[in-house]
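Reading the structure
Okay, here's what each chain looks like letter by letter:
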Amino acid sequence: MADSGRGRHENPGESPSASPGSGTKRVQQSPGCRAKYQVSAPGHCFRKVTLTKPTFCHHCSDFIWGLVGYICEVCNFMSHEKCLKLVRTVCSCLAMTLVRVPVAHCFGPAGQKKRFCCVCRKNLEGTPALRCEVCELHVHSDCAPFSCSDCRVCHQDGGEDCEMYHHHWREGNMASGARCEVCRRTCSSSEVLAGMRCEWCGLTAHASCYITVPVECSLGRLCRMTLHPSCVRLCSRNFSKMHCYRISEPLQQGELDNLDDVDVPSPAAPKENQSSTSSDTGKQTLKVFDGDDAVKRNQFRLVSIPRATKKEEVVEAALRAFYVANELQEYVLVPYTPQGLLTDDIINRNGAPDNKGVFKDSSQEAWLLRAKPRETEQLKVYVGSLKVGVTYISTSVGKSSTVDSVIKELLTQLIKQDENPADFNLVEVFMGSKQVQRQVLAGQDFLLDKLREIQKISLRQMSQTRFYLLASRNRVVQVELLLCGLPPQLCAEEYSSLLQQHLAMKSHLVTITHVYSEQGAVALQISCFAEAERIYMLAKDTCVNDKQLTSLVIPQIMQSKLPQDSSPLLVFVNPKSGGLKGREILYGFRKLLNPHQVFELRSGGPLPGLHTFRDVPHFRILVCGGDGTVGWVLGMLESVRHMLACPEPAISIVPLGTGNDLARVLRWGTGYSGEDPYNILVSVDEAEEVEMDRWTILLDAQEMTADGQHNGFLEPPKIVHMNNYFGLGIDAELSLDFHHAREEEPGKFNSRFHNKGVYVKVGLQKISHTRNLHKDLRLQVDTQEVELPSIEGLILLNIPSWGSGADLWGSDNDSRFGKPRIDDGMLELVGVTGVVHMGQVQSGLRSGIRIAQGSYIRITLTKPIPVQVDGEPWIQGPGQVIISAAGPKVRMLRKSKAKQKKQSGSLKDSRSEAGLN
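Residues numbered from 1 in each chain as written. Predicted model: local features only at pLDDT ≥ 70, side-chain atom pairs only at ≥ 80, totals over all residues. Heavy atoms only, no water.

**A look at the overall build of the protein chain**
- A tally of helices and strands in the protein chain yields 24 helices and 48 strands.
- Out of the 917 residues in the protein chain, the part that is buried amounts to 56%.
- Intrachain contacts of the protein chain at a sequence separation of at least 6 include 71% that bridge at least 24 residues.
- By element, 49% of the accessible surface of the protein chain is carried by carbon and sulfur atoms, the whole surface being about 39000 Å². (Helix = DSSP H or I, 4+ residues; strand = E, 2+ residues; numbered from the N terminus. Buried < 20%, exposed > 50% of the residue type's maximum accessible area, 1.4 Å probe, protein only. Contact = heavy atoms within 4.5 Å. Areas by Shrake-Rupley, 256 points an atom, 1.4 Å probe, with all protein chains shown as cover.)

Next up, the structure:
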């Protein structure tokens, strides 16, 4: 729609006539235009108040000494008297007019940190609150319907490409200690909503300083790893923002659907005032509806007024409650009756002379806020995409004004009268906080009737509706969906027939572009919005062979527009790892990067992310999870490597698991403990690449006769991959018991400390256990038969860290063996004699029993034995186990040592790092 810019605001330093929401000075006045204290700040209505508790100024964030302050009656902006003339922050009632590109928000539950509402500016603590999953918008649930649809523009939606991306400013809720880019003084505050921050580059400034910052945004320190929005294309007309960003609905669907329609008590009307009158306060509380739709839904705002007051002051209070920023003379309150909805004769029932009388204490509690009908209306039409040098133009519409006649008038004003009016459309855009809805108006529609219809339905909807003049063109529709959960190992024709059977696809509109047969997934390219939406929704409710399908909207990355030095970061987050920390870090990375490059592994696993980045010539991967999650991503990367333009991306880790042995070796820490996501991304950008071996394990279970000879198969051979270690015996038995305990009560295993406690408990139960493992298996290393000592467990190590950082191999020099490394093509074989021995290794008192080193391992099992690969345990039947190198080495990212010095490391970690030097 208005895709020519990305920032939220026009330059506040421009003259009022240059601002998209200003127009004349009369329009800038807020509903409190009769208030005594007027300032140059757009929309505010300040009044003098006596302070009864410690208060801070929202402009300078300093404490207000004394008993006098000035508060905006609309948005609760508090100010010193000396700061009134310096205030540049726009009032909430006019914030909607400053949106450059309407983009809806993705609302989810608020976090635990102290935040302030971006609409009413009050603290969110102790009240139901929401936050946008994509940008730094925090609001009360009550205030969400009145927030701006000013989320970040993260992709091109089929419109004209942007020539320049502006800063996307968001007020307040910044990190403590943030400094102004202009004056270098502190601009953050923990007491009020103050200061400005760019949602892309992270630049911070005072509200009075940011207007001097150049408008173009460079994406800041993280520009190399950020997927630039100009490089992403997504036709998303029929999909919500949640669907486009693969964000699961955090609230109940009904709550989300009604989010833009909730009218609840305003800050001016405390919720505890439930009665219509109060003898103690001398005030009465009115229910006010803003239109017919609110009446039908019984959604209202409470307005508290004195018992005897002027009618115009009541209208003023009602406009403040709905954040409507127009002249109060244009509106009137109508007593709500069933007949009140049947007529628009407002002037006859509420004439102008009587409107200036006194609004006395009344038993009437419900009122309708109506706009007075006028013979003509001033219509603002935005023309930014036509690149004519102005944001909008105004035109007058009367009873006979049709869409076609208005388009001709607009072209005349734009000195484009030679253009064919049939080549242009007038588009109505409703900028709801949750969804932006667009509708092309028919040429014969009467615009004045259209405006009156919207005003009658909802005045708030009218204030959130814009009209755009756009060149009509036939856009090529290309919607890409990825369907997962299909039967594996089928060809394209078989998948097409299967989808035709279950989804009734229209073959002339749908094309299968990619087939991932091993994963049972296909990518569809659809040339019709309606068909794409139908398939997307139907697939979510479809099962194939008793397996639920997963449907995902996939963006297109235009590699030709990527900067030459760009290396975007593909982020995978496993929310199940690390308890609730995975959810918070997922939000943090979505906010700092382009959300199109952040993938939640619960939605289709790693395949959707790798498919999205298939054409990117160079990228890196960040995996947020435990060692099992890293292995999952490495396994998927191995299977689709041949389909990627960058077949060997380097991988970094945010440790969210319990052991995190691979993360320890690569210096990413023992576990995530709330580090700033920004610092994590900087560390990833500065990390160095290292190579790591990866191993293939062939498990060929067979029946064994009494003389040890093979006698048929128990099950088909199985192949798994190993990154960290492979254990047999007591080590795997403990892992298996832990796995069973977690399956019985998964809700309790959301804490790293609790998980380790369960491991200890399971180990204590096995102290008296005896398993002569050396009698149950035969070992061959390379070409040599190796005699095993008396041990209870055998562990094959690829990295010098085992069991949450223990140095199982040991650091003592031994002439028989070489120094272990993660890229030497060798495995270290170590034995343990039991649970007590394992505990001593964990405590750093002993090391394991060194047995051998080799690049080809063959183990013959004579009876069923517990085994585990990278923490995943099971019972392996008798037969052959063959371990060999798994093709090319994988590239990993190791955290810079300079960063590691800032953090205290344990002796175990330093030993683990020795394997890399």
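**Brief notes about the confidence of the model for the protein chain**
- In this model, the protein chain carries a mean pLDDT of 81, and residues with pLDDT of at least 70 account for 80%.
- Throughout residues 340-355 the model reports pLDDT below 50, and contacts reaching past four residues in sequence, or to other chains, amount to 24 contacts. (pLDDT = per-residue confidence, 0-100.)

**Looking at the nonpolar core**
- In terms of nonpolar packing, the biggest core is built from 73 residues, with V139, V288, Y331, L333 and L369 touching the most fellow members.
- In contact with V288, not counting residues within four places along its chain, are F300, R301, V303, A318, F322, L333, W367 and L369.
- Membership of the second largest hydrophobic core comes to 67 residues, among which are V682, M692, M892 and L893. (Core = buried A, V, L, I, M, F, W, Y, C linked by side-chain atoms within 4.5 Å.)

**What about the sheet that holds strand β2 (residues 68-72)?**
- Spatially, three strands are ordered β1-β2-β3 in an open sheet, and the strand pairing comes out antiparallel. Only two strands of the sheet have a single neighbouring strand rather than two, namely β1 (46-50) and β3 (78-79).
- Alignment of β2 against β3, held across two bridges, turns out to be antiparallel. The residue of β3 that forms the bridge with I71 is M78. (Pairing = 2+ DSSP bridges.)

**Thoughts on the pattern of salt bridges**
- Considering all chains together, one arrives at 34 salt bridges under this definition.
- Its salt-bridge partner being R297, residue D293 comes within 3.0 Å of it at the nearest N-O pair. Of this pair, D293 and R297 both sit in helix α5 (residues 292-297), four residues apart, roughly one helical turn.
- By relative accessible area, which is 26% here, D293 ends up partly exposed. (Salt bridge = Lys/Arg side-chain N within 4 Å of Asp/Glu carboxyl O.)

**Points about the side chain of E600**
- Inspection of the secondary structure assignment puts E600 in strand β31 (residues 598-600).
- At a separation of 2.4 Å, a polar atom in the side chain of E600 contacts the side chain of R602.
- Beyond its immediate stretch of four places on either side in the chain, E600 contacts R246, S248, V573, P575, L586 and R590. (Polar contact = N/O pair within 3.5 Å; in protein donor to acceptor, adjacent residues only side chain to side chain.)

**Here's the deal with helix α14 (residues 581-592)**
- Between its first and last C-alpha atoms α14 spans 17 Å; for twelve residues at 1.5 Å apiece the expected length is 16 Å, and the two agree.
- Listing the buried residues of α14 in full gives G582, I585, L586, Y587, G588, F589, R590, K591 and L592. (Expected span 1.5 Å × (residues − 1).)

**A look at the environment of A471**
- Counting through the fold element by element, A471 comes out in strand β22 (residues 465-471).
- Its relative accessible area of 31% is what places A471 among the partly exposed residues.
- Spatially, the C-alpha atom of A471 lies 4.3 Å from that of F424, the residues being 47 residues apart in sequence.
- Apart from residues lying up to four places away in sequence, A471 is in contact with L386, D423 and F424.

**Overview of the pairing of strand β39 (residues 777-781)**
- The buried fraction of β39 is high, at four of five residues.
- Across five bridges, β39 lies against strand β44 (residues 857-861) in antiparallel orientation. Bridge pairing in β44 links Q780 to R858.
- When β39 meets strand β40 (residues 784-786), the two strands line up antiparallel, connected through three bridges. By the bridge assignment for β40, L779 is matched with V786.
- Hairpin connection of β39 to β40: two residues between the antiparallel strands, including D782 at a positive phi of 55 degrees.

**Here we look at the sheet that holds strand β42 (residues 827-832)**
- With antiparallel pairing, the six strands of this open sheet are ordered in space as β43-β42-β41-β38-β45-β46. Edge positions in the open sheet fall to β43 (849-854) and β46 (872-876), since each of these has one partner strand only. Pairwise comparison of adjacent strand axes, ignoring direction, gives a mean angle of 20 degrees for this sheet.
- Two strands pair when backbone bridges link them, and β42 and β43 are joined in this way by five bridges, in the antiparallel orientation. Following the sheet pairing, G831 is matched in β43 by I849. (Axes fitted to C-alpha atoms, helices over the stretch in contact; angles between N-to-C directions.)

**Some details on the packing of α14 against helix α18 (residues 677-686)**
- It is at 9 Å that the axes of α14 and α18 come closest, and there the two elements cross at 70 degrees. As far as their axial angle goes, α18 and α14 are roughly perpendicular. Regarding α14 and α18, the two cross each other, and that crossing is right-handed. Residue-level inspection shows I585, G588, F589 and L592 of α14 in contact with α18, the latter providing P677, Y678, I680 and L681.
- Looking at the contact of α14 with α18 residue by residue, the class counts come to seven nonpolar, one polar and no charged. (Parallel < 35°, antiparallel > 145°, perpendicular 65-115°, else oblique. Left-handed = near helix turned anticlockwise from the far one by under 90°. Nonpolar A, V, L, I, M, F, W, Y, C, P; charged D, E, K, R; others polar.)

**Some details on the packing of aromatic side chains**
- The tally for this structure, following the rule as stated, stands at 13 aromatic pairs.
- When the centroid spacing of 6.0 Å and the interplanar angle of 80 degrees are considered together, the rings of F46 and F77 count as edge-to-face. Taken together, the positions of F46 in strand β1 and F77 in the loop between β2 and β3 put the pair 31 residues apart, joining distant regions of the chain. The pair formed by F46 and F77 is uniform in burial state, with each residue classed as buried.
- Ring geometry for Y382 versus Y468: centroids 5.5 Å apart, planes at 35 degrees, classification tilted. (Phe/Tyr/Trp six-rings, centres within 6.5 Å; stacked < 30°, edge-to-face > 60°.)

**Some details on the environment of V295**
- One can find V295 in helix α5.
- Residue V295 is classed as buried on the basis of its relative accessible area, which comes to 12%.
- Placed 163 residues apart in sequence, V295 and S458 show a C-alpha to C-alpha distance of 9.8 Å.

**Digging into unusual backbone geometry**
- A positive phi is found at N76, a non-glycine position, where the angle reads about 65 degrees.
- Inspection of the secondary structure puts N76 in the loop between β2 and β3.
- Positive phi, close to 65 degrees, is recorded for S804, a residue that is not glycine.
- Within the secondary structure, S804 sits in the loop between β41 (793-797) and β42.

**Notes on the environment of M505**
- Structurally, M505 is set in the loop between α12 (492-503) and β24 (510-516).
- For the pair M505 and I535, spaced 30 residues apart in the sequence, the C-alpha separation amounts to 7.5 Å.
- If we skip the residues at most four places from it in the chain, M505 touches S496, L499, Q500, V510, L524, E531, R534 and I535.

**Focus on the pairing of strand β48 (residues 890-894)**
- In terms of residue burial, β48 counts as a mostly covered element, since four of its five residues are buried.
- Where strand β34 (residues 688-692) meets β48, five bridges bridge the pair, whose relative direction is antiparallel. If you follow M692 over to β48, its bridge partner there is V890.

**Topic: a positive patch on the surface**
- Taken together, the side chains of R237, R438, R473 and R475 make up a positively charged region of the molecular surface.
- Among the structural elements, R473 can be located in the loop between β22 and β23 (479-484). (Patch = residues over 30% accessible without salt bridge, like charges linked within 9 Å, V, L, I, M, F, W, Y side chains within 5 Å. Lys, Arg positive; Asp, Glu negative; His and termini not counted. Charge placed at Lys NZ, Arg CZ, Asp CG, Glu CD.)

**Re helix α9 (residues 403-413)**
- Of all the positions in α9, only V403, V406, I407, L410 and L411 are classed as buried. The arc that holds every buried residue of α9, seen down its axis, measures 135 degrees, which confines them to one face.
- If you follow the buried residues of α9, they end up packed against β18 (377-382), β19 (392-397), β20 (424-431), α10 (447-457) and β22.
- Positive phi shows up at I415, right after α9, with a value of about 60 degrees. (Arc of directions from axis to C-beta.)

**Structural notes on the state of the cysteines**
- Going through the model one piece at a time under the given rule, you end up with zero disulfides.
- Cysteine C143 is unpaired, with the sulfur of C120 as its nearest cysteine sulfur at 3.8 Å.
- Unpaired in terms of disulfides, C187 finds its nearest cysteine sulfur in C180, a separation of 5.6 Å.
- For C187, a relative accessible area of 3% puts it in the buried group. (Disulfide = S-S within 2.5 Å.)

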